[in-house]
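# Analysis of the macromolecular model
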Amino acid sequence: MLKKYLSQSIIVIIVIVISLLIFNFATELKGEQVGLAQEISIINNPLDRLVLVNKQRRLKWNFSPPDLTTVNIPFTVVENSSRQKMRFEAAKMLENLIFQAQQEEIELIGVSGYRSYQRQLEIFLENVILFGDDDSYSSARPGHSEHQTGLAIDLTTPDLNYQLTEELGQHQAGQWLEKWAPSYGFIVRYQQGKEGITGYQYEPWHLRYVGVEAALEIVADDLTLEEYLFAQPEKLLTGKAKLGIEPPRLRFPFES
Ligand SMILES: [Zn+2]
């Protein structure tokens, strides 16, 4: 019995590994065929607060953050799921942000935080089957999702039926988020009108933790993370911005 179970498990693992290898080979081949201007590079500082993950920069398939922790905020999923996790510092800062929202009677609900490479691969393949392999579709390829860093979270609000929709940007909850998230180190990562730079359509629900200092600078200058980092290449690659616990630098509504 045990022997049968073991041999079945081994077969399943072999199939997964082969699929991953074929998938990676196929995506790299496709990149060459369409003549992508920028090569895809592998990220070597995945633990940085400022790590840049996008369509040109990929996380390794075996990277998962060491300090994932459950974020203590309301989520759309009730079971204990890895979707409720983020890296420790980001989780604590998000809890503070959502606490302030609750004080002001703004309802924000977590949908999806950490996502493993394997889970992103499943989602991507599901989308390829349903919609075809269209790069403009918002589902990231495995290794190219910020959710794998444990620094990103998708949020929604009950008024919008708990959906991830652009309407959040016009909704009171989305506007509150855009205003206050930077004080807690988060930015709305994919902004309207910046699709050509980020490679993604407007996603008012997707927040990325970068730390308070960077978030306030990024928002003050109306930048994307790409623009912010390309202007300061030393921050892009140094690996010096590893997480600890950043003290919140809050600006409360009654302050100017
Ligand atoms: Zn997201």
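A quick note: this is a predicted structure, and the numbers were derived from the prediction, not measured.

Our focus in this paragraph is the overall build of the protein chain. Counting secondary structure elements, the protein chain contains eight helices and eight strands. Burial statistics for the protein chain: of 256 residues in total, 32% are counted as buried.

Time to look at the confidence of the model for the protein chain. Counting all residues, the mean pLDDT for the protein chain is 84, and 76% of those residues have values of 70 or more. In the model of the protein chain, helix H1 (residues 2-33) stands out as the element of lowest mean pLDDT, 55, in contrast to strand S6 (residues 152-156), which has the highest, 98. Below pLDDT 50 for its whole length, residues 28-37 participates in two contacts with residues either more than four positions away or in separate chains. Within the model, pLDDT remains below 50 along residues 252-256, and this stretch shows zero contacts once partners closer than five positions in the same chain are excluded.

With that settled, the discussion passes to the sheet that holds strand S8 (residues 203-209). Ordered in space as S5-S6-S8-S7, the four strands form an open sheet in which the pairing is antiparallel. Since the sheet does not close on itself, it has two edges, and those belong to strand S5 (109-112) and strand S7 (186-190), each with one partner. Averaged over neighbouring strand pairs, the angle between their axes works out to 45° when direction is ignored.

Turning to the nonpolar core, a few remarks are in order. By size, the foremost hydrophobic cluster in this structure holds 40 residues, and its most contacted members are Leu94 and Ile187. Elements that contribute at least two residues to this core include exactly helix H2 (88-103), S6, helix H4 (172-180), S7, S8, helix H6 (212-220) and helix H7 (225-230). For this core, the element with the highest residue contribution is H2, accounting for seven residues. Excluding residues that lie within four positions of it along the chain, Leu94 makes contacts with Val71, Ile73, Met86 and Ile153.

Of note, the phi angle at Tyr162 is positive, near 60°, even though the residue is not glycine. Looking at the secondary structure, you find Tyr162 in the loop between S6 and H4. Assessed through the 12 C-beta atoms surrounding it within 10 Å, Tyr162 is described here as exposed.

For a regular strand, the rule is simple: side chains alternate between the two faces of the sheet. The element S6 is extensively covered by neighbouring structure, given that four of its five residues are classed as buried. Where S5 meets S6, three bridges bridge the pair, whose relative direction is antiparallel. Bridged to Gly110 within S6 is Leu155. Strand direction decides the pairing type here: S6 and S8, joined by three bridges, are antiparallel. Following the sheet pairing, Ala152 is matched in S8 by Arg208.

For the rest of this paragraph, the subject is the environment of Glu122. Within the secondary structure, Glu122 sits in helix H3 (residues 117-131). The exposure class of Glu122 is partly exposed, given the 13 C-beta atoms found within 10 Å. Placed 19 residues apart in sequence, Glu122 and Arg141 show a C-alpha to C-alpha distance of 9.8 Å.

This paragraph deals with H4. Listing the buried residues of H4 in full gives Ala173, Gly174 and Leu177. Buried residues of H4 fall within an arc of 100° about the axis and therefore sit on the same side. Where the residues of H4 are buried, they touch S6 and S8.

Further remarks concern H6. Buried within H6 are the following residues: Ala214, Ala215 and Ile218. The arc enclosing the buried residues of H6, seen along the axis, measures out at 100°, which places them on a common side. Looking at the buried positions of H6, the neighbouring elements they touch are S7 and H7.

Our focus in this paragraph is the environment of Leu207. Along the chain, the position of Leu207 falls in strand S8. Separated by 55 residues in the primary sequence, Leu207 and Ala152 place their C-alpha atoms 5.6 Å from one another. Discounting chain neighbours no more than four positions away, the residues touching Leu207 are Ala152, Ile153, Leu155, Ala181, Phe186, Ile187, Val188 and Arg189.

Criteria and cut-off values
Residues numbered from 1 in each chain as written. Predicted model: local features only at pLDDT ≥ 70, side-chain atom pairs only at ≥ 80, totals over all residues. Helix = DSSP H or I, 4+ residues; strand = E, 2+ residues; numbered from the N terminus. Buried ≥ 20, exposed ≤ 12 C-beta atoms within 10 Å, placed from the backbone. pLDDT = per-residue confidence, 0-100. Contact = placed C-beta atoms within 7 Å. Pairing = 2+ DSSP bridges. Axes fitted to C-alpha atoms, helices over the stretch in contact; angles between N-to-C directions. Core = buried A, V, L, I, M, F, W, Y, C linked by C-beta atoms within 7 Å. Arc of directions from axis to C-beta.

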